[in-house]
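# Per-entry structural report
Chain by chain, the residues:
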Amino acid sequence: MKIFHRLLFLLCILCSTAALAQTDSSFLTKTVGNLKATYGAKPVEKVYLHLDKPNYIPGDTLWFKSYTVVGKTHALSALSGVLYVELISPRDSIVKRIVLRLTSGIALGDFALSGKLTPGNYNIRAYTAWMRNAGPDYFYNQRVNIGGISPGELAAPAAKLNPDVQFFPEGGEMVNGVRSKIAFKAVSQNGSGENIKGSIIDNEGTAVAEFESAHAGMGIFALLPQAGKAYSAKITLADGRAFTAPLPKALDAGYVLTVNNTRKDSLFIKVATNGQQFQAKQNTAFYLVGQSGGEVYYTAAGTLKTPVFGAGIDKRRFPSGIVQFTLFADGQPVNGRIVFVQSDDTLKMTLSSSVKTYAARSPVKLDFVAKNDANEPVAGSFSVAVINESRVGADENVEGSIFSHLLLTSDLKGYIEKPNYYFTNTTDAKRAELDILMLTQGYRRFEWKQILTAPDTRIVNQPEQSLTLEGTIKTTGGGIVPNGKLMLTATRENTVLDTVTDATGNFKFTNLQLSDTAKIVLQARKQNDGKRVAIYVKEPEYPNIIKSNAQEAANNDLSAEALRNSYAAYQNQLHNDSLKYGKQLSQVNITEKKLDKGDPYGAKRNVAGRTYNMKQYLGFPSMREVILNALIGYKMVGDVLIKAGKTGGPTDIFLDGSLVSVDNLYAYLPSEIESFKTGDVGDVQEAQIQKAYIVITTKRRAGTDTTVLKQVTITAKKAKKNVVTRSSNLHGAGNADQVLMGDQIGANCVNVSDCLRNKIFGVTFKQDGTPVNSRGGDMLIEVDGNRMPGSELNNINANDINSIEVLRSTFSKSIYGSDIGGGLLIITMKQGSERKFVTSESPTGLITYPFKGFYKARTYYTPKYTTANKNGGVLDLRSGIYWKPDVLTGKDGKATFDYFNADTKGTYRVVIEGIDDEGNLGRQVYRYKVE
């Protein structure tokens, strides 16, 4: 059989060679030239962010390094100098946006995650102005879990709906009389893939094919459609439910383009037609083009002399990534197929250490070497992240990687479930599943029809090398002010700039190198130095957020156990925060003595159904050993903890309310645990506990050690009441439906509306910041007596606000008449800052503007342990162990970095990613034990 396939492979190559010799190549010359010109005018820019951890809890800091690359070689980009990075909430709203300065394609950044963030799946989006030409589908997008998911949210929905099942004929169409591969994809109601199986039935009820999904609800089957017949799929779900779905209608005449990507060294391409198409188009020309990243790597021109054309192509001629093959006939694209080529052109990276097993707080030194595919050392830029994998609950299939993003998802539209699955421990089966993904996912970097006649060089957004500030000057009557004079002053930045308006009254300051906390003052004059002009600052325009209905699918990306663990950590943090920031009480003196309970069970024996004193287990190295070696009647059978006895059987372990495995407990010290207890089936009347169980509570969850009460003195002083002064409120200062003082608003908000959400009763906020009265109507704002649209709210610096008075009731609004619509927010600025915000309509020729400049990344703190502090102090319970975004290799390809482990035991994972000076990508994962 192998000999037969090789002969067929060679025969097809000979046939294709003969066809090529008989065809005019002018069409190919023009088409390839137009494609090259298009990409020459609009090179593709991509962004990838290496994150320090796969998931977080509120109160954490999310650290990242951005790699911005351009063109087919993925070289670090010098095209753009400005990068926008956004944290987007589960409800598709901007939580925070920062602007970063790109230096040779590299930028460092971080997000300080508020302790009040709602748990859920957030999205990190990054893009340059140049990338906006391709649209938000091609921005960097990575979902991250913050705070886990409440166990209740993991429950399956009560009403089960049938998944959405779509069918994708290879090449684009089914043609009667031509055998085709048909891919399918089943997507459940929560947006994730759902495994299905079934059979293909024709309109006479005859089964002609069987199918079953292979991965993430996707699969493939072969079908030979016949003229006059229609086909449908009889689908069976895992729970036994069944339904039918129609297949696309087959064409009576046409072409079928197929690609065999199973061989490691070559691709086999076949073009086939049916009898009707062959008779109509015999001896006409057809063309085949294979391109990747705008570079054409393969072309073929042939004459239709037989119904089948085949060609074998060496994979080494393509770079790693997506290759698009397009069949042209009659001067138009008629079929398309994308394939993923995994060439041996990525970096060969190694991490090594002389030590394989470490102790807590011990120093770690890792040696790093990077080489190219020719085994030559390379200079490059890399970043390294170390976590305690046993505590973070990482799933490498879900995480983004430099491979999965720059080579795969950045060129595809739509949500891809667990993209790094195809790059982790790759096998022939995974490569086949990746090929099915190529059949079901759309590639839309460009449209052939747009560039067949001429190159598509249309550009809407120019690349940004620096920040700009634009606007216009108008007279009090709304007239333009040509040749007007402007001065920009940024005192903190020690910057003074001037410019003049053009003939239409517009101005533009370029090459601004200001920070994100900069406050600038704009002063305008007419050409004759007249001051009676109004300054209008053009607000930055940011791309819209693509509303996602696949949010629930992200829940399924993480395992239920990982989500529960993350949620438990979040609940612990909330408890600690309540202790730290809770309301103070009046002075109270509490005195108590320690109660000596002794050993209620005698001889330190552990009896099921009891609560145990943790002090007797402090000598054990981890809670895993406590469970397996201190409890009577428990043992491991495979991966399951079994309790002996009539009421025994499989045993669930609950850690702070979350279901965990025995191995998870290896990462927890007995000194971290407040208490644990065991129980049998029926002890607790909860649906969640249906087995024998062990319940463990950490000190972090408990918040304090309740077994020892010492004398405590809690003292509170009466808070000084803040008084509203200098208000423009017509009812009088402080007479409003609600009053918020400046210290109640919150600091460090990107937008004031973010600070005010859920703090003003009956008021919501639009995306642009406009307050909306729940009783109806948009509200206005009045800043120090200057009334303006509500959309101006986010131009105010929250730190400069002294008070906000809310007027939303009928009575409160009555004194103002109908002028204020849905109501009014009266904002009084702090003393001395009245002029920091001036309405653009104010004809004083002066405005203070909060400029959104470059964010300066903070420095990651890494503890250092010496002989003096190695064995004492507070327990180091970090899950994020180390983050170093600036690992650089020289010409020898080598680098070294060192850090200290935490007190937590378990499997530590080191991930290093980066890119060399030639644009070659690399990623390496290294693991070691801390015992």
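Only a predicted model underlies this, so the values are computations on that prediction, with no experimental measurement involved. (Residues numbered from 1 in each chain as written. Predicted model: local features only at pLDDT ≥ 70, side-chain atom pairs only at ≥ 80, totals over all residues. Heavy atoms only, no water.)

### Quick notes on the overall build of the protein
- Helix and strand counts for the protein come out as 14 helices and 54 strands.
- The buried share among the 931 residues of the protein stands at 49%.
- Pairs at least 24 residues apart make up 70% of the contacts formed inside the protein by residues separated by at least 6 positions.
- Total accessible area on the protein is roughly 43900 Å²; 51% of this is exposed by carbon and sulfur atoms. (Helix = DSSP H or I, 4+ residues; strand = E, 2+ residues; numbered from the N terminus. Buried < 20%, exposed > 50% of the residue type's maximum accessible area, 1.4 Å probe, protein only. Contact = heavy atoms within 4.5 Å. Areas by Shrake-Rupley, 256 points an atom, 1.4 Å probe, with all protein chains shown as cover.)

### Examining the nonpolar core
- Residues Val85, Leu408 and Leu469 are the most contacted members of the largest nonpolar core, which totals 76 residues.
- Core analysis: the next-biggest nonpolar cluster, separate from the first, contains 25 residues, Phe368, Val384, Tyr899 and Val930 among them. (Core = buried A, V, L, I, M, F, W, Y, C linked by side-chain atoms within 4.5 Å.)

### What about a nonpolar patch on the surface?
- A contiguous nonpolar patch, built from Val874, Leu875 and Leu877 and spanning about 270 Å² of accessible area, is present on the exposed surface.
- Looking at the secondary structure, you find leucine 875 in the loop between β50 (846–850) and β51 (880–889). (Patch = residues over 30% accessible without salt bridge, like charges linked within 9 Å, V, L, I, M, F, W, Y side chains within 5 Å. Salt bridge = Lys/Arg side-chain N within 4 Å of Asp/Glu carboxyl O.)

### A word on the sheet that holds strand β24 (residues 348–352)
- If you walk across this open sheet you meet the three strands as β24-β26-β52, and the pairing is antiparallel. Strands at the two margins of the open sheet, each flanked by one partner only, are β24 and β52 (894–900). Across the sheet, the mean angle separating the axes of adjacent strands is 20° when strand polarity is ignored.
- Across seven bridges, strand β26 (residues 363–371) lies against β52 in antiparallel orientation. Across the sheet, residue proline 363 finds its bridge partner in β52, namely phenylalanine 900. (Pairing = 2+ DSSP bridges. Axes fitted to C-alpha atoms, helices over the stretch in contact; angles between N-to-C directions.)

### Comments concerning the packing of aromatic side chains
- Applying the stated criterion to the full structure yields 31 aromatic pairs.
- Arranged with centres 6.3 Å apart and planes meeting at 70°, the rings of tyrosine 298 and phenylalanine 325 form a pair that is edge-to-face. With tyrosine 298 in strand β20 (residues 295–303) and phenylalanine 325 in strand β22 (residues 321–329), the pair connects residues that are 27 residues apart, well separated along the chain.
- Under the relative-accessibility criterion, tyrosine 298 is labelled buried at 9%.
- Owing to a relative accessible area of 0%, phenylalanine 325 belongs among the buried residues under this scheme.
- Of the aromatic side chains, those joined through ring pairs into one cluster are Phe27, Tyr287, Phe328 and Trp448.
- Positioned above the aromatic ring of tyrosine 542, the side-chain terminus of arginine 97 is 3.5 Å from the ring centre.
- Over the ring of tyrosine 421 we find lysine 430, and its NZ or CZ is 4.3 Å from the ring centre. (Phe/Tyr/Trp six-rings, centres within 6.5 Å; stacked < 30°, edge-to-face > 60°. Lys NZ or Arg CZ within 6 Å of the ring centre and 35° of its normal.)

### Quick word on the pairing of strand β1 (residues 45–51)
- Counting buried positions along β1 gives seven out of seven residues, so the element sits mostly inside the fold.
- With burial as the criterion, each face of β1 is covered, one bearing Glu45, Val47, Leu49 and Leu51 and the other bearing Lys46, Tyr48 and His50.
- Pairing geometry for β1 and strand β3 (residues 61–70), over seven bridges, is antiparallel. For valine 47, the partnering residue across the bridge sits in β3 and is threonine 68.

### Digging into the sheet that holds strand β11 (residues 180–187)
- Here three strands make up an open sheet; going across it, the order is β10-β11-β14 and the pairing antiparallel. Of all strands in the sheet, those with a lone pairing partner are β10 (164–169) and β14 (218–223), marking the two edges. The mean angle between the axes of side-by-side strands here comes to 25°, regardless of whether they run parallel or antiparallel.
- Relative to β14, β11 runs antiparallel, the two being bridged by six bridges. In the strand pairing of β14, phenylalanine 184 is matched with glycine 219.

### Things to note about the environment of aspartate 373
- Tracing the sequence through the fold places aspartate 373 in the loop between β26 and β27 (380–388).
- Judged by its relative accessible area of 46%, aspartate 373 is partly exposed.
- For aspartate 373 and aspartate 344, which are 29 residues apart along the polypeptide, the C-alpha to C-alpha distance reads 6.6 Å.
- When neighbours within four sequence positions are excluded, aspartate 373 is seen to be in contact with Asp344, Asp345, Thr346 and Lys348.

### Section: unusual backbone geometry
- Positioned with a positive phi, arginine 361 is a non-glycine residue whose angle comes to about 65°.
- Summarising the element assignment, arginine 361 is placed in the loop between β25 (357–358) and β26.

### Quick look at the pattern of salt bridges
- In the structure shown here, the tally under the stated rule is 33 salt bridges.
- Across the pair aspartate 60 and lysine 53 runs a salt bridge, and its minimum N-O distance is 3.2 Å.
- Looking at aspartate 60, the relative accessible area reads 19%, which means it is buried.
- Glutamate 399 is paired through a salt bridge with arginine 909; the nearest N and O atoms lie 2.8 Å apart. Of this pair, glutamate 399 sits in the loop between α4 (389–392) and α5 (402–408) while arginine 909 sits in strand β53 (residues 906–916), and the two are 510 residues apart along the sequence.
- Since its relative accessible area comes to 11%, glutamate 399 is described here as buried.

### Observations regarding the confidence of the model for the protein
- Across the protein, the average pLDDT comes to 82, with 83% of residues at 70 or higher.
- Residue range residues 150–158 is modelled with pLDDT below 50. Its contacts to residues more than four positions away, or to other chains, number eight contacts.
- Predicted confidence for residues 832–839 stays below pLDDT 50, and this span has 21 contacts to residues more than four positions away or in other chains. (pLDDT = per-residue confidence, 0-100.)

### Side note on the pairing of strand β49 (residues 824–829)
- Within β49, six of the six residues are buried, which leaves the element mostly enclosed by the surrounding structure.
- Alignment of strand β46 (residues 780–783) against β49, held across four bridges, turns out to be parallel. Within β49, the residue paired with leucine 780 across the bridge is leucine 824.
- Two strands pair when backbone bridges link them, and strand β48 (residues 801–807) and β49 are joined in this way by six bridges, in the antiparallel orientation.

### Description of helix α6 (residues 428–440)
- For α6, built from 13 residues, the straight-helix expectation of 18 Å at 1.5 Å per residue is met to within 8% by its first-to-last C-alpha distance of 19 Å.
- Residues of α6 that are buried include every one of Lys430, Glu433, Leu434, Asp435, Ile436, Leu437, Met438, Leu439 and Thr440, and no others.
- Residues of α6 that are buried in the fold lie against β10, β11, β14, β22, β23 (332–341) and α5. (Expected span 1.5 Å × (residues − 1).)

### Overview of the side chain of serine 404
- Within the fold, serine 404 resides in helix α5.
- The exposure class assigned to serine 404 is buried, which follows from its relative accessible area of 2%.
- Not counting the four nearest positions on each side in its chain, serine 404 is found in contact with Thr409, Pro419, Asn420 and Phe423.

### Concerning the side chain of lysine 53
- Here lysine 53 shows up in the loop between β1 and β2 (55–56).
- A distance of 3.3 Å separates the side chain of lysine 53 from the side chain of serine 879, its partner in a polar contact.
- Among all residues touching lysine 53, those that are not within four sequence positions of it are Asp60, Ile387, Val392, Ser879 and Gly880. (Polar contact = N/O pair within 3.5 Å; in protein donor to acceptor, adjacent residues only side chain to side chain.)

### Looking at the environment of aspartate 252
- With respect to the helices and strands, aspartate 252 occurs in the loop between β16 (242–246) and β17 (255–260).
- Sequence spacing of aspartate 252 and valine 175 is 77 residues, and the spatial spacing of their C-alpha atoms is 6.1 Å.
- Leaving out residues up to four positions away in the same chain, aspartate 252 has contacts with Asn176, Asn274 and Gln276.
- Reaching out from aspartate 252, the side chain makes a polar contact with the side chain of asparagine 176 at a distance of 3.2 Å.

### Thoughts on the environment of aspartate 137
- Along the chain, the position of aspartate 137 falls in the loop between β8 (120–127) and β9 (140–146).
- Put simply, aspartate 137 and isoleucine 546 are 409 residues apart on the chain and 8.1 Å apart in space, counted from C-alpha to C-alpha.
- Those residues in contact with aspartate 137, other than ones at most four positions away along the chain, are Leu412, Lys413 and Ile546.

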